[in-house]
Amino acid sequence: MTEQEIIDTIDKVFEESFEIERKRLEPQAHIFNDLGLDSLDIVDLVVALQQSFGVKIRNEEGIRNIRTLQDLYQFIFTIKNAESNKNS
Amino acid sequence: MQLNRVVITGLGVVSPLGRDVNSLINGLEEGRSAVQHMDGWEQYTGLRSLVGAPAELQGEKQIPRQKRRTMGRMSIFAAQAADQALADSGIAVSEISSRKIGCIIGSTMGGAKSISDAFEIMLPEKDISQLNSSMFFQCMAHTAAANVAQYLGLDGYVMATSAACASSLQAIGTGYDLIRLGRQDILLCGGAEELHPTVTGSFDVLFATSVNYNQTPQKTPRPFDKDRDGLVCGEGSGIVVLEGYERAVRRKANIYAEIIGYSTAGSGEHVSQSNKQSMVHCMREALKDARVTTKEIDYISAHATATLQGDQAEAEAIRELFGASAPVSSLKGYIGHTLGASGVIEPIASLVMMEKGVLFPTLNLEHVSPECEGIFHVTKQTKMNVNILLKNCFAFGGINSALVCRKK
């Protein structure tokens, strides 16, 4: 999966699950302050990401440090990279 | 102690006949049945009843996402009915600062589809990690009340009366008591329920559903009829706005009716079998509370779901108290049994009937069953001045309730 495919997949989750228009999905957008997600949404975000990427991330420590969309993209890049390194 | 008088000043409905009060009334006026064959239900092994009265889910995106995400189908219906009822009453929640505006909204259970979905996600692998955050809020028994309160910003009482088919009549009755006592100023009362094969199935296993009309769905249910064979589940929501009479007069509100009597009581006999004597007791207590005699009742909106035993017990109970003096009809032939919502959707229709001076007949009642004779069945649309009406709800769990309203 390329980095752009990962970004597109994450953006699609925000569009479909949280009804946020794609033009608002700037990498620097703060997930809580700018995009308006709250604590319940974060639970759903994790579930949606697990389904979209076929990963288990509920108990990942790094998830607590995510603030912006860019942080989230980076978090998934790292997970997917680790996965492909493990498989190769 | 001086009790407040309680009046109804707003009505809202999402029913199988349409998404507002007018569509419901137009459907009744035209004698239209909303019962249909439920495609896809054949896949449930053992489910014999393949008919239902669905309501249309539409316009839900008008509810902001963060309010909507915890709403299943029934809570969306309830929120839409509450919006209508508030608009009809002319009350703006933001202008009520007393913290005495709340809601009491009952249902048999939480959202049936959400409960089914949650089990389907969780049980195959015994894995909860794919459950989303809103599932619990859609499944919980007070889902409609909690969601409507959050949606509208209600900060008074928030309660859910859960008594199967008596749920919403209990909600109205409880609201009546709370306003009578001065504990609340304004209450949105009613109920909601959703149609799902698991819901119909729960009646089907008890042999309480209609099974002989799967290919001619509009012929069923048939309350009080000799060819009735059981109930048909429906769905939707109804909400009425209750407030003190003085308050309503002060703000020049349109008053549909005054609630003058209410009773609810258990049969103490059997969890599912109807009990005539407990029905008689419940109606009698409601009349006593209203300080009216049986002769003063101009219309009885029957519970009559078209089960063999339930209709017989209700007809016998009405006959014992009223003889053939009060016109009786059941609206379930039009909209099916909306279960936890029936105790508010049917009174709403009855209040409009009262306003228009017309009685809608029991749809599909072609030949009164011998054991249901001896009461005044309304079999055709009839012009009649209705001053006082009685609404019955008799629920599984052996829970009865009855409400008396007087025209203003």
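The rules we used
Residues numbered from 1 in each chain as written. Chains lettered and ligands numbered in written order. Predicted model: local features only at pLDDT ≥ 70, side-chain atom pairs only at ≥ 80, totals over all residues. Axes fitted to C-alpha atoms, helices over the stretch in contact; angles between N-to-C directions. Helix = DSSP H or I, 4+ residues; strand = E, 2+ residues; numbered from the N terminus. Parallel < 35°, antiparallel > 145°, perpendicular 65-115°, else oblique. Left-handed = near helix turned anticlockwise from the far one by under 90°. Contact = placed C-beta atoms within 7 Å. Nonpolar A, V, L, I, M, F, W, Y, C, P; charged D, E, K, R; others polar. pLDDT = per-residue confidence, 0-100. Buried ≥ 20, exposed ≤ 12 C-beta atoms within 10 Å, placed from the backbone. Pairing = 2+ DSSP bridges.

A.B. asks: Now, about the packing of helix H1 (residues 3-18) of chain A against helix H2 (residues 39-53) of chain A: what can you tell me, with residues and values included?
C.D. replies: Residue and element names in this part refer to chain A. Close contact between H1 and H2 brings their axes to 10 Å; oriented N to C, the two are set at 130°. Taken together, the axes of H1 and H2 are oblique relative to one another. Between H1 and H2 lies a crossing whose hand is right-handed. Facing Thr9, Val13, Ser17 and Phe18 of H1, the residues of H2 in contact are Asp41, Asp44, Leu45, Ala48, Leu49, Ser52 and Phe53. Class assignment of the residues belonging to the contact of H1 with H2 gives a composition of six nonpolar, three polar and two charged.

A.B. asks: I'd like a rundown of the environment of Thr198 of chain B, residues and numbers included.
C.D. replies: All names here are of chain B. Secondary-structure assignment places Thr198 in helix H8 (residues 197-204). Spatially, the C-alpha atom of Thr198 lies 9.2 Å from that of Leu47, the residues being 151 residues apart in sequence. In this structure, Thr198 is in contact with Ala112 and Ser116, ignoring residues within four places of it in sequence.

A.B. asks: Lay out the confidence of the model for chain B in plain terms, naming residues and giving numbers.
C.D. replies: Residues of chain B with pLDDT of at least 70 account for 100%, and the chain-wide mean is 97. We note a pTM of 0.95 for the whole complex and an ipTM of 0.85 for its interfaces.

A.B. asks: Tell me about the pairing of strand E1 (residues 6-14) of chain B, and please be specific about residues and values.
C.D. replies: Residues and elements named next belong to chain B. Among the nine residues that make up E1, nine are buried, leaving the element largely enclosed by the rest of the structure. Pairing of E1 with strand E7 (residues 236-244) involves eight bridges; the strand directions are antiparallel. The partner of Val13 across the bridge, within E7, is Gly238. Judged from the three bridges that link them, E1 and strand E8 (residues 257-266) form a sheet pairing that is antiparallel. Within the sheet, the bridge partner assigned to Ile8 lies in E8 and is Ala257.

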